[in-house]
There are 2 protein chains.
Amino acid sequence: MNRIEINEKVLSKNDIVAARIREKAAQTRTAVINLTSSPGSGKTSLLEALLPRLQTKYRLAVIEGDLRTENDADRLRQRGINAIQIQTGDACHLEAAQVEALLGTTEPAGCAIELETLDLLIIENIGNLVCPASYDLGEDAFFVMLSVTEGDDKPAKYPTIFFNADYFILNKIDLAPYVDFSIEKCIANALAVNARLKTATISARTGAGLDEIAQVIEDIIVAKKAN
Amino acid sequence: MNRIEINEKVLSKNDIVAARIREKAAQTRTAVINLTSSPGSGKTSLLEALLPRLQTKYRLAVIEGDLRTENDADRLRQRGINAIQIQTGDACHLEAAQVEALLGTTEPAGCAIELETLDLLIIENIGNLVCPASYDLGEDAFFVMLSVTEGDDKPAKYPTIFFNADYFILNKIDLAPYVDFSIEKCIANALAVNARLKTATISARTGAGLDEIAQVIEDIIVAKKAN
């Protein structure tokens, strides 16, 4: 048995679990979003800025993925968001089984996510542009984020994650004047990999573009309810 | 055979190849540096700023690792640096066998790195804070870089790579006024993971701190010659 075959088996096992999550979320009509980026692109900052306003209309929860620490879940809890941390140790992505283990269970106490009580579940994946690309978590929409400090050629360098994504969010546009980064070139690079990508430019820090992202997420929630 | 055993075997095979690289570089007295960071922290920008001046005194070459594109090797070649690109496809790290394949071979033409002609070989790894942490490439020094736009808690979130590193370079300090980032806290977080870490704060863009990094690399080259 060689390594490729093993990876295929691991992936297909993941796909089976992801299909179960997707089926369960279809029954409960809970929209599920998988949010990925490099380390430090601003995934948690976006959720901090966005979710308190979405929470006034929708019931939501967040699963936070990191190798170590509860930092990100703690940051969201301080904003009144229901957040649960998964620590992967040395793994560079979340797997569907780690998400499924949190759904509908009652142990450990206080750590369960009951999909039937939620309109929206956001899964903030490990900060990584490679590994999360190939692991379906049962999501309705796959978001990939970059920040303008990371270089406008990143979509060409990490094409798989951009190819698999539904939305491309370009963050930290408030820093654009201080770095060598062409927003137009970056978006063109992303669309060259995946012409179906919907794109948005934002600053989680200043709030620019957040109305648009909030509307995108609301549309996903509404579509899920209508199914 | 479970997955952990397979990973151990893959790693130990990598260690055998890395040991061969280390032995060969010891014979030729070539210093080897493995440079890692998140995507977009500024590894290539650092090399663009640093290597033209080091090249006036030392014979050097760079191996560039990316999933796709020759962009980074092209950027260095434009500065007159001898750079060879490895494209890993979907792999999130370089392996020692990929480096060894470039050493001392004559095929493909123009793609060989002859260690006996070099004082310094820098390997710019894939942009990833997880996977490269566990793959020895036969280096004398393992550098991990962050930029101030990525959040000061990253060493706590990605401890393995900081634990295995010898040097921690904090880049983009010119952007510090525009982001919420404590340089002191970040360095304290890194030292909490690895008290042996040597640290430096730089801006590849403005040139701040580059004298210090140049001296660090020169010391590594001189120590290798003396062995």
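Our subject is the structure listed above.
Analysis parameters
- Residues numbered from 1 in each chain as written.
- Chains lettered and ligands numbered in written order.
- Predicted model: local features only at pLDDT ≥ 70, side-chain atom pairs only at ≥ 80, totals over all residues.
- Heavy atoms only, no water.
- Helix = DSSP H or I, 4+ residues; strand = E, 2+ residues; numbered from the N terminus.
- Buried < 20%, exposed > 50% of the residue type's maximum accessible area, 1.4 Å probe, protein only.
- Areas by Shrake-Rupley, 256 points an atom, 1.4 Å probe, with all protein chains shown as cover.
- Lys, Arg positive; Asp, Glu negative; His and termini not counted.
- Charge placed at Lys NZ, Arg CZ, Asp CG, Glu CD.
- Expected span 1.5 Å × (residues − 1).
- Phe/Tyr/Trp six-rings, centres within 6.5 Å; stacked < 30°, edge-to-face > 60°.
- Lys NZ or Arg CZ within 6 Å of the ring centre and 35° of its normal.
- Core = buried A, V, L, I, M, F, W, Y, C linked by side-chain atoms within 4.5 Å.
- Contact = heavy atoms within 4.5 Å.

Participant: An account of the overall build of chain A is requested, with residue identities and associated values reported.
Facilitator: Assigned secondary structure in chain A consists of 8 helices and 7 strands. Principal-axis analysis of the C-alpha atoms gives chain A an extent of 50 × 50 × 35 Å. Expressed as a percentage of its 227 residues, the buried residues of chain A come to 56%. Here chain A displays about 9100 Å² of accessible surface, and carbon together with sulfur accounts for 52% of that area. On chain A, the mean spot of the 24 positive side-chain charges and the mean spot of the 32 negative ones are 1 Å from each other.

Participant: Help me get a handle on helix α2 (residues 43-54) of chain A, residues and values and all.
Facilitator: Compared with an ideal rise of 1.5 Å per residue, which puts 12 residues at 16 Å, α2 of chain A spans 16 Å between its outermost C-alpha atoms and is within 8% of the ideal. Of the positions making up α2 of chain A, those classed as buried are Lys43, Thr44, Leu46, Leu47, Glu48, Leu50, Leu51 and Leu54 of chain A.

Participant: Summarise the packing of aromatic side chains; cite the residues concerned and give the values.
Facilitator: Aromatic ring pairs: the centre-centre distance and the angle between the two ring planes describe each pair. Tallied over the full model, the rule gives 5 aromatic pairs over all chains. When the ring of phenylalanine 143 of chain B is compared with that of tyrosine 167 of chain B, the centres are 4.8 Å apart and the planes differ by 50 degrees; the resulting orientation is tilted. With phenylalanine 143 of chain B in strand β5 (residues 141-147) and tyrosine 167 of chain B in strand β6 (residues 167-171), the pair connects residues that are 24 residues apart, well separated along the chain. Tyrosine 167 of chain B matches phenylalanine 143 of chain B in its accessibility class, with the two residues each being buried. Geometrically, the ring pair formed by phenylalanine 162 of chain B and phenylalanine 168 of chain B is edge-to-face, given 5.2 Å between the ring centres and 80 degrees between the ring planes. On the basis of relative accessible area, phenylalanine 168 of chain B is assigned to the buried category, the value being 1%. One residue, arginine 196 of chain A, lies across the ring of phenylalanine 163 of chain A, its end atom 5.9 Å from the ring centre.

Participant: An account of the nonpolar core is needed here, citing residue identities and associated values.
Facilitator: Core analysis: the largest hydrophobic core is formed by 69 residues, its most contacted members being Leu121 and Phe168 of chain A together with Phe168 of chain B. If we ignore the near neighbours within four places in the chain, the residues touching leucine 121 of chain A are Thr30, Ala31, Val32, Ile33, Ala61, Val62, Ile63, Leu103, Ile113 and Leu115 of chain A.

In short, shape yes, function no, at least from these values alone.
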